[in-house]
Amino acid sequence: MDSTDSSCFFSIYQGPQLAMSQKKQTTTTYRLKIREDMLTAAFAAFSNRQATMAWGKVYRSYCGSKCDLIVRELRFTRSLPTGDQHSPLFDWILIHAPTGQQQGEILNRISQSHVRMGQLMVYFEPGNGQQFDQWVGAVIGHDELQPLHTLQLIGPGLPRYRRAKPRTKSRTHRQPSKTTSEEWSRQIDVLGEQVFQKFRYTEVLFIGCGGLGSLMISSMVRKGLKRATLVDHDDLEIHNRPRTVGNQPQDVGKAKALVLGRYLHRIRPESLLTLITKPVEDASVFDRFRRANVVISCVDNDDCRRYIAQRCAEFLCVNLDLGTMVARATGPTGNVPAVADNPLIISADVRLLIPGACSACIGTLENSSNTTSAVAQDWQAGGRVGSLPSINLMAVGTAIQMYLSFLAGQINGSFWQRMSWDDERGLTTSAGRVTGDPRCPICRPQ
Ligand SMILES: [Zn+2]
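Residues numbered from 1 in each chain as written. Predicted model: local features only at pLDDT ≥ 70, side-chain atom pairs only at ≥ 80, totals over all residues. Heavy atoms only, no water.

With that settled, the discussion passes to the overall build of the protein chain. Secondary structure summary: the protein chain contains 11 helices and 20 strands in total. A buried classification covers 54% of the 446 residues belonging to the protein chain. Taking the intrachain contacts of the protein chain between residues at least 6 apart in sequence as the baseline, contacts between residues at least 24 apart amount to 67%. Taken as a whole, the protein chain presents about 20200 Å² of accessible surface, with 48% of it coming from carbon and sulfur. (Helix = DSSP H or I, 4+ residues; strand = E, 2+ residues; numbered from the N terminus. Buried < 20%, exposed > 50% of the residue type's maximum accessible area, 1.4 Å probe, protein only. Contact = heavy atoms within 4.5 Å. Areas by Shrake-Rupley, 256 points an atom, 1.4 Å probe, with all protein chains shown as cover.)

Shown next as structure tokens:
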């Protein structure tokens, strides 16, 4: 058997209890979604001979005929785990160290796993040399054995590997089509075709269409982003107009998301934009978390950030979070009221949060006295004097570059960039890798 052609595997297997599904028209498309560092850790354990298998709970997330199989944690073992140790509702994954992918051995292993009625079990085995792009995957359940179609890794570059495309060595979302359009040529010259295509076709969920959000969204759609969902339940007010992109005088009183969507449609009629005018907690937004691998948040309170962090942890989404603040200094103790003569504090935070870290647990940047929470508390406690397009522009430019570097695989972990404007020193910045707290109740498995 060609070790990389898993379709061959399924054409041969016709076990008495696990008959291959013949319902090709209605077959669910399965995608395994897992953190890259988690899978790498499993491979390391196999190499060190600490374990020969890894297993863990699987969470199903359906979207039409597609089903994401989400893995949030793995345990390592040398003895074959079996389904009869768990309840019928327990879906699980078995990752086996490479064995040359001999189908007889694999089928034997699956049979010995005693998958219970009601359970879904995912079998995954990397290729020799533990290659990500040479794997065999199967989904066992409902008395059927079906192929695993896609491996989606959540990590730098968001690498994705499809089944039965064995000769594809690139870590791409799709085989790059030769873009002939002159329109994209300058970006492709700099980014390369693969990174540009990844930018163009990665579905993004945007939360917040205010001054900062509208600038971020419009910049990315203009640059070629093809599929996006825009969420904001606020209406446009007269004081929003100078800082918010894409509105006209008659738009005051209309939903921000709809006003921005209409503007973007004129810029990029080919883009597929979904506009939601409900709060972020609404079920319609919840459904969009299922579809997106990337969530870009431009919100101004920590409750909303916390909710987004929870959903990103649940569905393994990367969260790019932007926040800006313009306030008057309130004195050394914080008790002195902000007065007009006090100096302005102008700052922005841009954070790329990869699952395993969230805005609630990444702590602080080195040499920084403020945490994310402190920024939000300052906002709520007063002293904030408004918003400036200038700091929003700095934040958006930084965020887009951070995102592109992430898609190119150049940023290999959660990352925080802070910018501050001081009238004497000008722009000062600090940046660095940040890590999550393993005990975080929000972003770590419960
Ligand atoms: Zn966390």
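So, on to helix α8 (residues 283–291). Among the residues making up α8, those that are buried are Val285, Arg288 and Phe289. The arc that holds the buried residues of α8, viewed along the axis, is 110 degrees, so those residues lie on one side. In this structure, the buried residues of α8 make contact with β12 (204–207), β13 (227–231), β14 (272–276), β15 (294–297) and α9 (302–315). (Arc of directions from axis to C-beta.)

All right, on to the pattern of salt bridges then. In total, this model carries 18 salt bridges according to the counting rule given. In this structure, arginine 31 engages aspartate 68 in a salt bridge whose closest nitrogen and oxygen atoms are separated by 2.7 Å. Here aspartate 68 lies in strand β4 (residues 66–71) and arginine 31 lies in strand β2 (residues 29–35), a separation of 37 residues in the sequence. The exposure class of arginine 31 is buried, given its relative accessible area of 13%. What makes aspartate 68 buried here is its relative accessible area of 8%. Put simply, arginine 439 and aspartate 437 hold a salt bridge, and the shortest N to O gap is 3.3 Å. Shared partners join several salt bridges into a network, and the residues in it are Asp302, Arg305, Asp321 and Arg351. (Salt bridge = Lys/Arg side-chain N within 4 Å of Asp/Glu carboxyl O.)

Right, let's get into the confidence of the model for the protein chain. On average, the protein chain scores 84 in pLDDT, and the residues at 70 or more come to 82%. Taken as a whole, residues 166–170 scores under 50 in pLDDT and shows eight contacts with residues more than four places along the chain or in a different chain. Of the regions scoring below 50 in pLDDT, residues 366–381 engages in 21 contacts with residues more than four places distant in sequence or in other chains. (pLDDT = per-residue confidence, 0-100.)

The next thing to look at is the side chain of glutamate 125. Its place among the elements puts glutamate 125 in strand β7 (residues 121–126). In this structure, glutamate 125 is in contact with His96, Ala97, Pro98, Thr99, Gly100, Gln101, Ile106, Arg109, Gln134, Trp135 and Val136, ignoring residues within four places of it in sequence.

Glancing now at the coordination of the zinc ion. On the protein side, the zinc ion has Cys358 (SG), Cys361 (SG), Cys440 (SG) and Cys443 (SG) as donor atoms, found 2.2 to 2.3 Å from it. Counting along the primary sequence, the residues that act as donors to the zinc ion give the motif C-x2-C-x78-C-x2-C. Residue cysteine 358 is located in the loop between β17 (344–353) and α10 (372–381), and its partner cysteine 440 is located in the segment after β20 (426–433); the two are separated by 82 residues in the primary sequence. Overall, the relative accessible area of 5% leaves cysteine 440 in the buried class. (Donors = N, O, S within 2.8 Å, 3.2 Å for Na, K, Ca; no water.)

Buried residues dominate strand β8 (residues 135–141), accounting for seven of its seven residues. Side chains Trp135, Gly137, Val139 and Gly141 project from β8 onto one buried face, and the interleaved Val136, Ala138 and Ile140 project onto a second face that is buried too. Relative to β8, β7 runs antiparallel, the two being bridged by six bridges. Bridge assignment links glutamate 125 to a residue of β8, and that residue is valine 136. Here β8 folds back onto strand β9 (residues 144–147) in antiparallel fashion, the turn holding two residues, of which histidine 142 has a positive phi close to 55 degrees. (Pairing = 2+ DSSP bridges.)

On to the nonpolar core. The biggest cluster of nonpolar side chains holds 63 residues, and the ones touching the most others in it are Phe206, Met216, Leu320 and Leu322. Examining the composition of this core, we find that 10 residues originate from one element, helix α11 (residues 389–407), more than from any other. In this structure, phenylalanine 206 is in contact with Met216, Ile217, Met220, Leu225, Ala228, Thr229, Leu230, Val231 and Ile296, ignoring residues within four places of it in sequence. (Core = buried A, V, L, I, M, F, W, Y, C linked by side-chain atoms within 4.5 Å.)

The terminal C-alpha atoms of helix α6 (residues 211–222) lie 17 Å apart, and with 12 residues this matches the ideal 16 Å at 1.5 Å per residue to within 8%. Most of α6 is tucked away: 10 of the 12 residues are buried. Of the residues one or two after α6, glycine 224 is the one with positive phi, at around 125 degrees. (Expected span 1.5 Å × (residues − 1).)

Turning next to the state of the cysteines. Under the defined criterion, the tally for this structure stands at zero disulfides. Cysteine 298 forms no disulfide, and the closest cysteine sulfur to it belongs to cysteine 209, at a distance of 8.7 Å. Residue class for cysteine 298 comes out buried when judged on its relative accessible area of 12%. (Disulfide = S-S within 2.5 Å.)

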